[in-house]
Amino acid sequence: MTEPFLKLRGLKKSYRGKPALRGIDLEVRPNEIFGLLGPTGAGKSSTIQATGGLIDLEAGQVQLQGRDITDLDPACRDLSIVFEGFNLLPVLNVYDNIAFALRSPTYREEEGEIRQRVQHTAELLRISQHLDRDVATLSGGEKQRVAIARALVRQPAMFLLDEPLSALDLKLREGLRSELRHIHREQSSTMLYATHDYHGAISIADRIGIIHDGRIHQSGTIEEIFARPANALVGELIGSPAMAFFDADVNGGEIRIRGCEQILPAEGYGLPAGVSGAHRLGVWPEDIAIVAPGNAGASPASVYAVDNRGYECAVQIEFGGGVFRKVLEDGQVMQQGMNCAFRVGSAAGFLFDMKSGARVSHQQEEMA
Ligand SMILES: Nc1ncnc2c1ncn2[C@@H]1O[C@H](COP(=O)(O)OP(=O)(O)OP(=O)(O)O)[C@@H](O)[C@H]1O
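About the thresholds
Residues numbered from 1 in each chain as written. Predicted model: local features only at pLDDT ≥ 70, side-chain atom pairs only at ≥ 80, totals over all residues. Heavy atoms only, no water. UniProt positions renumbered as here; feature names shortened; annotations may be inferred. Pairing = 2+ DSSP bridges. Helix = DSSP H or I, 4+ residues; strand = E, 2+ residues; numbered from the N terminus. Axes fitted to C-alpha atoms, helices over the stretch in contact; angles between N-to-C directions. Near = heavy atom within 4 Å. Polar contact = N/O pair within 3.5 Å; in protein donor to acceptor, adjacent residues only side chain to side chain. Areas by Shrake-Rupley, 256 points an atom, 1.4 Å probe, with all protein chains shown as cover. Nonpolar A, V, L, I, M, F, W, Y, C, P; charged D, E, K, R; others polar. Buried < 20%, exposed > 50% of the residue type's maximum accessible area, 1.4 Å probe, protein only. Parallel < 35°, antiparallel > 145°, perpendicular 65-115°, else oblique. Left-handed = near helix turned anticlockwise from the far one by under 90°. Contact = heavy atoms within 4.5 Å. Expected span 1.5 Å × (residues − 1). Domains from an automatic or database assignment. Buried area = accessible area lost by both parts, 1.4 Å probe. Salt bridge = Lys/Arg side-chain N within 4 Å of Asp/Glu carboxyl O.

- Under an unreviewed UniProt entry, the name given to the protein is ABC transporter ATP-binding protein, and the organism recorded is Pseudooceanicola lipolyticus.
- In the Sequence similarities (unreviewed entry) part of its UniProt record, the protein is described as follows: "Belongs to the ABC transporter superfamily."

Pasting the structure below:
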């Protein structure tokens, strides 16, 4: 097992007595892009800032390449940070903004070397034609390229990116995301990439950490997380649409979904002996089939809303026990208000504890 490039252990931070980081544990491997995915207020920026040394921690340790850097000055950490708000210097033109990091007391380089590195980085980010422009005259997308160039030019040990693309429109975001991946491949750099954008995270990251309320709930490849979500919250935060949840009762080898006619065999759920009673059943929408009303073994439902996105169509399905969202299969057409039925794939889904949300199913294989 390779040693982690960045290791965060038990990071704790409160602002005015309110905990923002409650013990962040995270490992980023060498040369990977690690996506830190979580909703607003989850603690993404605080994690990035703690790693970069921009905030004081109450507890925990930051290790970079096996070295404890927790108390090291930010300028000595060999990390580059890209923020959402660009952080460009308005009085300098594009060239000098990019060169700025190389002229600091810590990284003072020869002007010839600076020119070569600025020009190479500008080419990588396709901003060579803007080098003599005032940054105030640039568009948002161009500004973000300059901000990324400024971080890249230093060739640090690692990049920390805090929502670097969220101020851009969809097309620019997609373009810059693939350029970041290209740069990452070319320079074999290690990146910690914080975002609230699920699609953005899975399209750029090699592995993902799900953060919520100051804790990392699960880390792994997106496939690993889908295959075994650690808890119900993870199911709520990933997927498109996210996991569908049902109130379910486990009894005598059967799982009964409240408000549904379908009964699922508990076999295949890997439940420890003695598990019974009320649980949350979480099912990825891809494992739920929408069928015609009256279909044998399916539960009656109706189409509450239709969201036609052109390339796909998502529907919100309402039934006696609640609602869930799902992208329709190719060729399937549904209208708002229509009656339908649905069937959960047998042995598809996960059972979660009602109170803690922890996954109680699929335990046996993990103990084996
Ligand atoms: N300087 C601060 N003063 C007071 N509270 C803060 C400060 N910085 C962050 N917080 C609070 O700490 C919690 C975590 O904030 P943080 O910015 O790390 O989350 P985030 O996941 O990056 O959110 P966002 O996606 O909205 O930027 C939030 O509740 C936030 O309001």
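Structure's up, so let's keep going.
1. A closer look at the sheet that holds strand S15 (residues 288-291)
As a general point, the strands of a sheet are linked pairwise by backbone hydrogen bonds and lie either parallel or antiparallel.
Point 1. Strand order in this open sheet of 5 strands is S15-S19-S16-S17-S18, and the pairing throughout is antiparallel. Where the open sheet ends on each side, the last strands, each with one partner, are S15 and strand S18 (322-327). The average angle at which neighbouring strand axes cross in this sheet is 40 degrees, direction not considered.
Point 2. Of the pairings in the sheet, the one linking S15 to strand S19 (residues 339-344) comprises 4 bridges and is antiparallel in character. Its bridge partner lying in S19, isoleucine 290 is registered against phenylalanine 342.

2. Quick word on the site of the ligand
Point 1. Around the ligand sit Tyr15, Lys18, Ala20, Pro39, Thr40, Gly41, Ala42, Gly43, Lys44, Ser45, Ser46 and Glu163, and that is every residue in its neighbourhood.
Point 2. The contact in question runs from an oxygen atom of the ligand to an N or O atom on the side chain of lysine 44, over 2.9 Å.
Point 3. One nitrogen or oxygen atom from the main chain of serine 45 is found 2.8 Å from an oxygen atom belonging to the ligand.
Point 4. Taken by itself the ligand offers 630 Å² of open surface, and the protein chains cover 60% of this.
Point 5. Breaking the shell around the ligand down by element, the ones donating at least two residues are strand S2 (18-28) and helix H1 (44-52).
Point 6. Looking at the shell around the ligand, its residues break down into 4 nonpolar, 5 polar and 3 charged.

3. Re H1
Point 1. Here H1 lies mainly inside the structure; 7 of its 9 residues are buried.
Point 2. Listed as buried for H1 are Lys44, Ser46, Thr47, Ile48, Ala50, Thr51 and Gly52.
Point 3. Two residues or fewer past H1, glycine 53 is found with a positive phi of approximately 80 degrees.

4. Here's the deal with the packing of helix H4 (residues 140-152) against helix H5 (residues 170-187)
Point 1. It is at 11 Å that the axes of H4 and H5 come closest, and there the two elements cross at 15 degrees. In this view, H4 runs roughly parallel relative to H5, as classed from their interaxial angle. By crossing handedness, the relation of H4 to H5 is classed as right-handed. Judged by residue contacts, Gly141, Gln144, Arg145, Ile148 and Leu152 of H4 engage Leu172, Leu176, Glu179, Leu180, Ile183 and Gln187 from H5.
Point 2. Here the residues of the contact of H4 with H5 sort into 6 nonpolar, 3 polar and 2 charged.

5. What about unusual backbone geometry?
Point 1. Along the chain, serine 240 connects to proline 241 via a cis peptide bond; the corresponding omega equals -5 degrees.
Point 2. Note that proline 241 resides in the loop between helix H8 (232-237) and strand S11 (244-251).
Point 3. The phi torsion at arginine 126 lies on the positive side, around 55 degrees, for a residue other than glycine.
Point 4. Looking at where arginine 126 falls in the secondary structure, it is placed in the loop between helix H3 (111-124) and H4.
Point 5. Among the residues examined, arginine 126 registers a relative accessible area of 57% and is labelled exposed.

6. Focus: H4
Owing to its 3.6 residues per turn, the α-helix brings residues three or four apart onto one side.
Point 1. Taking 1.5 Å as the rise per residue, H4 with 13 residues should run 18 Å; its terminal C-alpha atoms sit 18 Å apart, in good agreement.
Point 2. In terms of residue burial, H4 counts as a mostly covered element, since 10 of its 13 residues are buried.
Point 3. Those residues of H4 not exposed but buried are Gly141, Gln144, Arg145, Val146, Ala147, Ile148, Ala149, Arg150, Ala151 and Leu152.
Point 4. Elements that come into contact with the buried residues of H4 comprise strand S6 (79-82), helix H2 (94-99), H3, strand S7 (158-162) and H5.

7. Topic: the domain arrangement of the protein
Point 1. According to the domain assignment, the protein contains domain 1 (6-228) and domain 2 (233-367).
Point 2. Of note, the centres of domain 1 and domain 2, computed from C-alpha atoms alone, are 37 Å apart.
Point 3. Taken together, the contact pairs 14 residues of domain 1 with 12 residues of domain 2.
Point 4. At the boundary of domain 1 with domain 2, total buried surface from both sides reaches about 1100 Å², with 73% on carbon and sulfur atoms.
Point 5. One can count 0 salt bridges joining domain 1 with domain 2.
Point 6. For the interface between domain 1 and domain 2, the tally reads 3 residue pairs in polar contact (both at pLDDT 80 or more).
Point 7. For the side of domain 1 that touches domain 2, the secondary structure elements donating two or more residues are helix H6 (198-204), strand S9 (207-212), strand S10 (215-220) and helix H7 (222-227).
Point 8. Counting residues per element, the side of domain 1 that touches domain 2 draws most heavily on H7, which supplies 4 residues.
Point 9. Across the side of domain 1 that touches domain 2, the residue classes break down as 9 nonpolar, 4 polar and 1 charged.

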